Amino acid sequence: MVAARDAQSWLEVRDDDRHVLLAQLLRSGDSRTLTAPGALNIRMGNAGAVDVSCNGRNLGPSGGAGQVVTIRVSVVASGECEVGQAGRSPLAAGPPPSALATAPIASVD
């Protein structure tokens, strides 16, 4: 579950096959529950306003106010939640998904 506590945040959630399961702006107080057979890659803007829970365990905020963060959440055989990716930092910052779209390049004279 992802929940926007006290401010809005945009979210993009993808499964292991990189299919978008959710792409939405959450307003303060909104929450969404998602399930997938594998891991979920959760990219969020304003990460400090978003609480992430896995199997009822609150993982808390994944970053600071205004920060763009991507986390990978999966459940291991024991039922415990794992956050991050093997060989990578648990949190990876980057631009929001809309900034990834190709835009025309303007020349500067």
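Criteria and cut-off values
- Residues numbered from 1 in each chain as written.
- Predicted model: local features only at pLDDT ≥ 70, side-chain atom pairs only at ≥ 80, totals over all residues.
- Heavy atoms only, no water.
- Helix = DSSP H or I, 4+ residues; strand = E, 2+ residues; numbered from the N terminus.
- Contact = heavy atoms within 4.5 Å.
- Polar contact = N/O pair within 3.5 Å; in protein donor to acceptor, adjacent residues only side chain to side chain.
- Disulfide = S-S within 2.5 Å.
- Buried < 20%, exposed > 50% of the residue type's maximum accessible area, 1.4 Å probe, protein only.
- Pairing = 2+ DSSP bridges.

What follows concerns the environment of R5. With respect to the secondary-structure elements, R5 resides in the loop between β1 (2-4) and β2 (9-14). The sequence separation of R5 and D51 amounts to 46 residues, and the corresponding C-alpha distance is 6.9 Å. Apart from residues no more than four positions distant in its own chain, R5 is found in contact with S28, G29, G48, A49, V50, D51 and P61. A distance of 2.5 Å separates a polar side-chain atom of R5 from the backbone oxygen of G48.

Our focus in this paragraph is the state of the cysteines. Summed over all chains, the structure comprises 1 disulfide. Paired by a disulfide, C54 and C81 hold their sulfur atoms 2.2 Å apart. For the disulfide bridge between C54 and C81, the dihedral angle about the S-S bond is near -90°, and by the sign convention the bridge is left-handed. Highlighted residues: C54 in strand β6 (residues 50-54) and C81 in strand β9 (residues 81-83), separated in sequence by 27 residues. Among the residues examined, C54 registers a relative accessible area of 7% and is labelled buried.

What follows deals with the environment of L25. Mapped onto the secondary structure, L25 falls in strand β3 (residues 20-26). A relative accessible area of 38% means that L25 is categorised as partly exposed. The sequence separation of L25 and M44 amounts to 19 residues, and the corresponding C-alpha distance is 9.4 Å. In contact with L25, other than residues within four places in its own chain, are Q8, S9 and W10.

Turning to the pairing of β2, a few remarks are in order. Pairing of β2 with β3 involves 6 bridges; the strand directions are antiparallel. Bridge assignment links S9 to a residue of β3, and that residue is L26. Linking two consecutive strands that pair antiparallel, namely β2 and β3, is a turn of 5 residues; a positive phi of about 70° is found at R18 within it. Note that β2 and strand β5 (residues 40-44) share 4 bridges and pair antiparallel. Looking across to β5, one finds that V13 is bridged to I42.

Examined bridge by bridge, β5 and strand β8 (residues 69-75) share 5 bridges and lie antiparallel to one another. Note on β8: the bridge partner recorded for L40 is V73.

None of the figures reported here should be taken as evidence of function without further support.
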